[in-house]
Amino acid sequence: MNREAILKWLKRTDIPLTTISKKTNISRKALYNWINGNEVRERSLNKLVNIYEADIQLTNNEISIKKENNVEAQYIIDLQKEKIFL
């Protein structure tokens, strides 16, 4: 897992930094410093990954959808109404 993915997760997560700090024994100040671009120690990074690896992987999976067909929203709404109320 790369540093960028971990830092991206740290910036986006809904988990309070206080909770992350308590579980990993990494100071909140260090976490805030990482978010602000300061250097990250490898040992501290490993602590974070060991505890939150599953969350980090789930958050950093990006899905891109390519637009192939242009369908009007009203057409879809009408189809849903037709199927629901039958």
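Every value quoted in this text rests on a predicted model; they were computed, and no experiment measured them.

A word on the side chain of Thr24. With respect to the element layout, Thr24 can be found in helix α2 (residues 17-24). When its relative accessible area of 3% is taken as the criterion, Thr24 is described as buried. Engagement of the side chain of Thr24 in a polar contact is seen with the backbone oxygen of Ile20, the distance being 2.6 Å. Not counting the four nearest positions on each side in its chain, Thr24 is found in contact with Lys47, Leu48, Ile51 and Tyr52.

This next bit is on a nonpolar patch on the surface. A cluster of nonpolar side chains, contributed by Tyr75, Ile76 and Leu79, occupies part of the molecular surface with about 270 Å² of accessible area. The topology assignment puts Leu79 in helix α5 (residues 73-84).

Once that is clear, we can look at the pattern of salt bridges. Inspection of the entire model under this criterion finds 1 salt bridge. Where Glu42 meets Arg3, a salt bridge forms, and the shortest distance between an N and an O atom there is 2.7 Å. One end of the pair, Glu42, is in helix α4 (residues 42-59); the other, Arg3, is in helix α1 (residues 3-12), and 39 residues separate them in sequence.

What follows deals with the packing of aromatic side chains. Considering all chains together, one arrives at 1 aromatic pair under this definition. Between Trp9 and Tyr52, the ring centres sit 5.2 Å apart and the planes meet at 35°, which makes this aromatic pair tilted. Pair noted here: Trp9 is in helix α1 and Tyr52 is in helix α4, with a separation of 43 residues, a long-range link. Neither residue differs from the other here; Trp9 and Tyr52 are each classed as buried.

Moving on: the environment of Leu45. Within the element layout of this structure, Leu45 appears in helix α4. For Leu45, a relative accessible area of 5% gives the class buried. A C-alpha to C-alpha distance of 9.2 Å links Leu45 and Ile26, two positions 19 residues apart in sequence. Here Leu45 is in contact with Arg3, Ile6, Trp34 and Val40, once residues within four sequence places are set aside.

Reading the values: the criteria
Think of each chain on its own: its residues are numbered from 1, step by step along the sequence as written. Only residues with pLDDT of at least 70 get local features here, since the model is predicted, and only at 80 or more are side-chain atom pairs given and counted; chain-wide, interface and lining totals rely on the full set of residues. To get the side-chain values, all heavy atoms of the structure are used, and hydrogens and water are removed first. In this description a helix means any DSSP run of H or I spanning at least four residues, a strand means any run of E spanning at least two, and both kinds are numbered starting from the N terminus. We call a residue buried when its accessible area falls under 20% of the maximum for its residue type, exposed when it is over 50%, and partly exposed in between, using a 1.4 Å probe and counting protein chains only. Between N or O atoms, a polar contact is any pair within 3.5 Å; within protein, one atom must be a potential hydrogen donor and the other a potential acceptor, and residues adjacent in sequence are included only when both atoms are from side chains. By the convention used here, residues are in contact when the closest approach between their heavy atoms is within 4.5 Å. Excluding any residue in a salt bridge, patches collect residues exceeding 30% relative accessible area, merging like charges within 9 Å and nonpolar Val, Leu, Ile, Met, Phe, Trp and Tyr side chains within 5 Å. To measure how exposed things are, a 1.4 Å probe is used in the Shrake-Rupley method; for residues, cover is taken only from the protein chains shown. We define a salt bridge as a side-chain nitrogen of Lys or Arg found within 4 Å of a carboxyl oxygen belonging to Asp or Glu. Each Phe, Tyr or Trp ring, with Trp reduced to its six-membered ring, pairs with another whose centre is within 6.5 Å; inter-plane angles below 30 degrees give stacked pairs, above 60 give edge-to-face pairs, and intermediate values give tilted ones.

Interpretation in functional terms is not warranted from these geometric data alone.
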